[in-house]
Amino acid sequence: MLSVTIGAGPGTTPSGDDVIVGILAGLHVFGLLNEVSILARQIVPFLPRTTVASRHYLKAAMQGRFGQHVHDLVDTLAGDGDPDLTLQRASKWGATSGVDLLVGLVSVLAASMNTRSVESAA
Amino acid sequence: MNSPKTTVLSSRVLRHFYRDSVALMAIASATEKREGVIRVGAVMATPANRGILADSDMLPPDLNAESDDLVFVVRAESEDTAKEALDAAEAGLTAVETSGAIEEQRPGTVDEGVHAALAGDGESPANLAAISIAGTYAPIVAERAIRNGLHILCFSDNVAVEDEVRLKKLAVAGGVLFMGPDCGTAIIDGIPLGFANVVKQGKVGMVAASGTGAQEVSRLLDLAGVGVSQLIGVGGRDLSADVGGIMTGFALDLLERDEGTEAIVVVSKPPSTDVATALISRLEGIASHGKPVVACFLGMDDADPDSVTPGVVVRGTLEGGAIATAHLAGHELAVTDLDPIEPVPGRVLGLFTGGTLASEAKIILKRAGVDCEILDLGDDQYTAGRPHPMIDPEARADKIIEAGADSSVGIILLDVVLGHGASRDPATPVAEAVMAARSEAESVGRRLEFVASVCGTAADPQGIERQRTILRDAGVILAATNASAVRFVAAQQAGAHAS
């Protein structure tokens, strides 16, 4: 999956990379550090396949360092969770970057909720 | 439509080239619209993107590019068309970097940038920093630049008002301008910064808290034969109670002392009450020392010097401000209104790209008692994730087409803003959308009229006559000024209600 995602899409930080940064941010928020390091190990071999700028963002994200806009997005999601406001904030960052990040973040959120509902049903 | 049997695929690689993806998308979409161009791709040449290009049959077989190279691919009907499209795209991509004879510095940090600017080439070090980064970080950069004696043009918005006040005080103490935040228009020593029309150099000094307001006044002065000495932007909040007109006051000090300035016009929304009193008495002081002053405060009642405000002419519209200023400079600006046409049933919808032009329209229509919906499409709620409609006119084109299907709308007001920073051809997307909307309306037997003004000068890069012709050919009714276009609409509505 990573081979077709890293470096894919428009922009200096290609969309695929933004989604992955979003996923890493989501994993960090939930404290899933084991999952972070598993994912990070898989990302490393593909780093040369993207732009210098994006590689920098990915490396920082693997170490748990994110831009202020990522923190803002997490805060908005975690706050009153108004979906319109969240989407509005996300779409202000770059041409597609903010929304791509949000896709990554929300996918972790969704996966986590699925897991939990299975756990509570069991 | 015939689709040609054979097509060609051409590409161009820009080595180690980055361009903001908003700009990239705008250029790609413009290129794709060219006659004979079928498809365009503009991506960083990463392996994944090369895969995507290959999947859509857009990967040049001999592509020699790395992940940090930008590749621009065009599929077109002929070799020549493809080459022309690539040339145009490359010109568009590199235009910002090579315009003028100024060598671009590429500093890695703010400090490096400030040092490089101050070092200059030994003869004329830079004395102004233009700041266009996320608003949260702009104050840090601005402060360093101010402390190093640089004037600031702060294009960034979302700067906290406390930071604005602090930085403006710091700038005044250091004897430099802080233009902004959210300042898109200035002309300093004849050099346009941001969005600005190409106007004559002359004797009128302008202080402006609004971008398109400053553009409309300066281009109307130009039309009247009056040039501008300096156009100092101060940011939209400068005359609010919070900021207290700090930068307006400082700009007035500079213009009062400036030998090249013989008359002054201040363009703004009406100042807050506390600020207004002090400002008007300041303006009266300047006028009494021999430099006549026009206060163009949108929505305020007109007043002449012998009544409420001795020495200061107050005008409540941009057009009124320009006429009064031209008059003070010894020139007359005659605006001829359009003859009325047969009244159009349906409501008035304004689709503006210029915020202050939208405000002027609202004010005039409100005074005329006309119900209307006036949208400023440059407002944050419409620009999320896409460029300002003055840069990318497509967003407005969509709105125009939507209005074609809205049976309640009878007349649509538009502005077309030219000059530096604006789209290279704002008229064409408007004209295409107007024709589509009109044919949609007419297909159900509805009449739909379009009225516009072009905010531009004869010297603007887009070519004002060409732009006007494109609009006129699409059946757009063209007025000389934004205010005149609005008056025409108001008269139509009065006629429509009377009949």
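All residue numbers here refer to positions counted from 1 along the written sequence of the relevant chain. Each chain takes a letter, starting from A, and each ligand takes a number, starting from 1, following the order in which they are written. Only residues with pLDDT of at least 70 get local features here, since the model is predicted, and only at 80 or more are side-chain atom pairs given and counted; chain-wide, interface and lining totals rely on the full set of residues. Excluded from the side-chain calculation are hydrogens and water; included are all heavy atoms of the structure.

(A) Structural detail: the layout of surface pockets. Grid points spaced at 1 Å and placed over the protein atoms alone form the basis of the search, with a cavity being a set where a 1.4 Å probe fits but cannot get out and a pocket an open set showing protein on both sides within 12 Å along at least five of seven lines. Lining residues have an atom within 4 Å of a point. Grid points are joined across faces, edges and corners, and a volume is the space filled by probe spheres set on the points. What the second largest pocket holds in volume is close to 400 Å³. What lines the second largest pocket is a set of 18 residues, among which P10 of chain A together with V40, G41, A42 and V43 of chain B lie closest to the centre. When residues of the lining of the second largest pocket are traced back to their parent elements, those giving at least two are helix 1 (21-32), strand 2 (37-44) and helix 2 (47-55) of chain B. Helix and strand assignments follow DSSP, with helices taken as H or I runs no shorter than four residues and strands as E runs no shorter than two, numbered in order from the N terminus. Top contributing element to the lining of the second largest pocket by residue count: helix 1 of chain B, with six residues. Amino acids outside the nonpolar list (Ala, Val, Leu, Ile, Met, Phe, Trp, Tyr, Cys, Pro) and the charged list (Asp, Glu, Lys, Arg) are all regarded as polar, and Gly is one of them. Across the lining of the second largest pocket, the residue classes tally to ten nonpolar, six polar and two charged.

(B) Geometry of the sheet that holds strand 6 (residues 178-179) of chain B. All names here are of chain B. Reading across the sheet, the three strands line up as 4-5-6 and stay open at both edges, with parallel pairing between neighbours. Looking at the sheet topology across the chains shown, the edges are occupied by strand 4 (128-131) and strand 6. In this sheet, strand 5 (residues 151-154) lies alongside strand 4 in parallel orientation, the contact comprising four bridges. Bridging from a neighbouring strand, I131 pairs with C154 of strand 5. At least two bridges found by DSSP between two strands are what make those strands a pair.

(C) Just the interface of chain B and chain A, in detail. We call two residues in contact whenever any of their non-hydrogen atoms come within 4.5 Å of each other. Contact with chain B, which involves 18 residues of that partner, is made by 21 residues of chain A. Any Lys or Arg side-chain nitrogen found within 4 Å of a carboxyl oxygen on Asp or Glu counts as a salt bridge. Taken together, chain B and chain A are joined by zero salt bridges. Counted as a polar contact is a pair of N or O atoms within 3.5 Å, where, for protein atoms, one must be capable of donating a hydrogen and the other of accepting one, and residues adjacent in sequence contribute only when both atoms are in side chains. Put simply, chain B and chain A have four residue pairs in polar contact (both at pLDDT 80 or more) between them. Broken down by secondary-structure element, the contributors of at least two residues to the side of chain B that touches chain A are helix 1, strand 2 and helix 2 of chain B. If one sorts the elements of the side of chain B that touches chain A by residue count, helix 2 of chain B sits on top with four residues. For the side of chain B that touches chain A, a count of residues per class yields ten nonpolar, five polar and three charged.

(D) Molecular detail of the side chain of S268 of chain B. Residue and element names in this part refer to chain B. Examined against the element boundaries, S268 turns out to sit in strand 11 (residues 263-268). Three labels apply to residues, based on accessible area from a 1.4 Å probe with only protein chains included: buried if under 20% of the type maximum, exposed if over 50%, partly exposed otherwise in between. You can call S268 buried: its relative accessible area is 5%. Residues contacting S268, with those up to four places away along its chain left out, are A209, L239, C296, F297 and L298.

(E) Region of interest: the confidence of the model for chain B. pLDDT runs from 0 to 100 and stands for how confident the predictor is about each residue. Taken residue by residue, chain B gives an average pLDDT of 89. The fraction at 70 or more is 93%. Scored below 50 in pLDDT, residues 97-102 of chain B shows four contacts in the model against residues more than four places distant or in partner chains.

(F) Spotlight on empty space enclosed by the protein. Residue and element names in this part refer to chain B. Per the counting criterion, the structure on display carries one cavity of 30 Å³ or more. The wall of the largest cavity is formed by T353, P389, M390, P393, R396, V416, V417 and P426. Class assignment for the residues of the lining of the largest cavity results in six nonpolar, one polar and one charged.

(G) Structural detail: the sheet that holds strand 15 (residues 372-376) of chain B. All names here are of chain B. Pairing within the open sheet is parallel, and its five strands lie in the order 15-14-16-17-18. The open sheet terminates on both sides in strands that have one partner only, identified here as strand 15 and strand 18 (477-479). Taking the axes of each pair of neighbouring strands and ignoring which way they run, one obtains an average angle of 20 degrees across the sheet. Across three bridges, the pairing between strand 17 (residues 449-455) and strand 18 is parallel. Bridging across to strand 18, S453 finds its partner in A479. Angular values range over 0 to 180 degrees, each being the angle between N-to-C directions of two axes fitted as lines to C-alpha atoms, with helices fitted over their stretch in contact. Contacting strand 14 (347-352), strand 16 (409-417) and strand 17, helix 13 (residues 394-404) runs over the sheet at an angle of about 165 degrees to strand 16. Along the sheet face, helix 15 (residues 464-473) touches strand 16, strand 17 and strand 18 and points at about 145 degrees away from the line of strand 18.

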